[in-house]
Amino acid sequence: MQFQFSSQIGASPETVWLFHERPDILTILTPPWQPVQVIRREGGLGPGAVSEFRLWLGPLPLTWLARHTEEYEPGRLFTDIQASGPLPSWTHRHRFIPQGSGTQLVDDITFELPAATFSQPLMGGFIYQRLEDMFRYRHQQTQAYCQT
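Bear in mind that the values here come from a model prediction, so they are computed numbers and not experimental data.

## Side note on empty space enclosed by the protein
Per the counting criterion, the structure on display carries 1 cavity of 30 Å³ or more. For the largest cavity, the calculated volume is near 60 Å³. Around the largest cavity sit H20, L29, H94, L105, D107, F135, R138, H139 and T142, which together line it. For the lining of the largest cavity, the secondary-structure elements that each account for two or more residues are β7 (102-112) and α3 (116-146). The element best represented in the lining of the largest cavity is α3, accounting for 4 residues. Tallied by class, residues from the lining of the largest cavity come to 3 nonpolar, 4 polar and 2 charged.

## Structural notes on the nonpolar core
Judged by nonpolar contacts, the single largest core of 30 residues is most densely connected at F3, V16, W64, W90, F111, L131 and F135. Contributing elements (two or more residues each) for this core: β1 (2-9), α1 (13-20), α2 (25-29), β3 (50-57), β4 (60-73), β6 (89-99), β7 and α3. With residues up to four places along the chain from it excluded, the contact list for F111 reads M1, F3, L87, S89, W90, I127 and L131.

## Focus on the packing of aromatic side chains
For any two aromatic rings, the description comes down to two numbers: the centre-to-centre distance and the angle of the planes. Counted under the stated rule, the structure contains 11 aromatic pairs. Their ring planes at 85° and their centres at 5.7 Å tell us that W17 and F78 sit as a pair that is edge-to-face. Taken together, the residues W17 in helix α1 and F78 in strand β5 (residues 77-84) connect sequence positions 61 residues apart. Judged on exposure class, the residue W17 and its partner F78 are both buried. Members of the aromatic cluster, connected to one another through ring pairs, are F3, W64, W90, F111, Y128 and F135.

## Points about the layout of surface pockets
Of the pockets and cavities examined, the largest pocket occupies roughly 1200 Å³. Residue lining of the largest pocket: 40 residues in total, with Q34, V36, L55, W64 and M134 positioned closest to the centre. Of the residues forming the lining of the largest pocket, the biggest block, 9 residues, is contributed by α3. Counted by class, the lining of the largest pocket contains 27 nonpolar, 8 polar and 5 charged residues.

## Overview of the environment of H94
With respect to the element layout, H94 can be found in strand β6. Expressed as a C-alpha distance, the spacing of H94 and Y72, which sit 22 residues apart in the sequence, is 9.6 Å. In contact with H94, not counting residues within four places along its chain, are R76, L77, F78, D80, V106 and D107. At 3.4 Å, the side chain of H94 and the side chain of H92 are in polar contact.

## A word on the environment of F78
You can call F78 buried: its relative accessible area is 3%. Beyond its immediate stretch of four places on either side in the chain, F78 contacts W17, L45, H68, E71, Y72, H92, R93, H94 and F96.

## Brief notes about the environment of Y128
Inspection of the secondary structure assignment puts Y128 in helix α3. Under the relative-accessibility criterion, Y128 is labelled partly exposed at 29%. Remark: the alpha-carbon pair of Y128 and P35, spanning 93 residues in sequence, is separated by 18 Å. Setting aside residues no more than four positions away along its own chain, Y128 makes contact with M1, Q2 and F3.

Rules used in this analysis
- Residues numbered from 1 in each chain as written.
- Predicted model: local features only at pLDDT ≥ 70, side-chain atom pairs only at ≥ 80, totals over all residues.
- Heavy atoms only, no water.
- 1 Å grid on protein atoms, 1.4 Å probe; cavity = no way out; pocket = protein on both sides within 12 Å on 5 of 7 lines; lining within 4 Å.
- Points joined across faces, edges and corners; volume = space filled by probe spheres on them.
- Helix = DSSP H or I, 4+ residues; strand = E, 2+ residues; numbered from the N terminus.
- Nonpolar A, V, L, I, M, F, W, Y, C, P; charged D, E, K, R; others polar.
- Core = buried A, V, L, I, M, F, W, Y, C linked by side-chain atoms within 4.5 Å.
- Buried < 20%, exposed > 50% of the residue type's maximum accessible area, 1.4 Å probe, protein only.
- Contact = heavy atoms within 4.5 Å.
- Phe/Tyr/Trp six-rings, centres within 6.5 Å; stacked < 30°, edge-to-face > 60°.
- Polar contact = N/O pair within 3.5 Å; in protein donor to acceptor, adjacent residues only side chain to side chain.

Below, the structure written as structure tokens:
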């Protein structure tokens, strides 16, 4: 499955990139309604960096470990993948595109649901809506922290 969320941020790509480098960025960008706990973040945005989260599926805790890939161009893009977690696959590409005096922030996600043949038709719309809600919040937070 593929998902994309894009919005205009009223700040330069450099400003938006620096915001994403903050040590507390995962806490800032996690919506308050999501049951997610940041366990650790090491290495910034560059290749080999890791972020570990604890998610809850009802009462069950799940660990998600994201690792940043070699697809990394400072100020322009970085990509992270799920190294271990609840999904068969997850790739998240973050792009920072100069646009006028601001930045087009683009999140491209490719992922697979467990038992996709069955789960995608049953849960695909629900998953897309949750991603839409989450990335709308993340982009609003980015705008609030970065706007000039």
